[in-house]
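Chain by chain, the residues run as shown.
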Amino acid sequence: MSKILLALFLLFGLGVKAQPTLKGGLDSFVANNKVYPPYSLQNCIDGTVTISFKLNKAGEVYFSKVQKGIGTDLDDEALRLIRLSSGKWIVPADHDTIVSVVVPINFKLSGEDCGNKSQKEIKQAIEIYKTNVGMTDAVLNFYRHKAAGKYTIEEERKIIALKTSLGYDDEYMKMRIDDGLKKLKQKDKQGACEDFMFVKNMGYDLADEQIAKYCN
């Protein structure tokens, strides 16, 4: 058990005896399964996301949440990794299944062209992401309404301009599809279909083939 993990266990009153452990180790699992999310990758954002979750006796994750996040798509990826680890935890017989396990999920960029990014620029990118969440929801809601025939040409013109300002173009959507295909290889069908459906719900047909094949 790492010093950080041990400290977290102590902090949340779990003690130091007979703690749940992930087969092969958490750090190794994260390194082998993480799919670095596109916004944070493009903006050189890394750091640690703390996840709180609960395990049943079979080592399955039945509840999880972000205890302390970065505020970008790294938070979603950390949650996905914990969900993906379900069933791979070794749970001691005396473990209290209603007590939360708290672990850090570390994201570190290496080999990326981030040398020209200042900490100020990275912090600005994080704040922009938080602001953009609401605007992204507006785009998604528009296309849901459009599918039901409830839209106007003027509304769509504004939404297309909003998508452009948010950087949601063909290149970004192809990245989301590539991420979904990586998740399929990890047998994370739910995570993959979330990526494919995001593309569809953004008004693109680029992922229709994958949706028809994997998500129906």
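Our structure is the block above this text.
The rules behind these values
- Residues numbered from 1 in each chain as written.
- Predicted model: local features only at pLDDT ≥ 70, side-chain atom pairs only at ≥ 80, totals over all residues.
- Heavy atoms only, no water.
- Helix = DSSP H or I, 4+ residues; strand = E, 2+ residues; numbered from the N terminus.
- Buried < 20%, exposed > 50% of the residue type's maximum accessible area, 1.4 Å probe, protein only.
- Contact = heavy atoms within 4.5 Å.
- Disulfide = S-S within 2.5 Å.
- Pairing = 2+ DSSP bridges.
- Axes fitted to C-alpha atoms, helices over the stretch in contact; angles between N-to-C directions.

S.K.: Tell me about the side chain of H95, residues and numbers included.
M.R.: Relative to the helices and strands, H95 is located in the loop between β4 (89-90) and β5 (101-107). For H95, a relative accessible area of 8% gives the class buried. When sequence neighbours within four positions are dropped, the list of residues in contact with H95 reads P20, L55, K57 and V101.

S.K.: Could you give an account of the state of the cysteines, naming the residues involved and the relevant values?
M.R.: Counting across every chain of the model gives two disulfides. Residue C44 pairs covalently with C114 via a disulfide, S to S 2.1 Å. Judged by the torsion about the S-S bond (-90°), the C44/C114 disulfide is left-handed. Here C114 lies in the loop between β5 and α5 (119-147) and C44 lies in the loop between α3 (38-42) and β2 (47-55), a separation of 70 residues in the sequence. Under the relative-accessibility criterion, C44 is labelled buried at 7%. Between C193 and C215 runs a disulfide, and the two sulfur atoms are separated by 2.1 Å.

S.K.: Explain the sheet that holds strand β3 (residues 61-68) to me, using residue names and the numbers behind them.
M.R.: Pairing in this open sheet of three strands is antiparallel, and the strands run β3-β2-β5 from one edge to the other. Of all strands in the sheet, those with a lone pairing partner are β3 and β5, marking the two edges. Pairwise comparison of adjacent strand axes, ignoring direction, gives a mean angle of 30° for this sheet. Bridge analysis of β2 against β3 gives six bridges, and the strand direction is antiparallel. Pairing of S52 across the sheet is with K65, part of β3. Helix α4 (residues 73-84) rests against β2, β3 and β5 of the sheet, and its axis sits at about 125° to β5.

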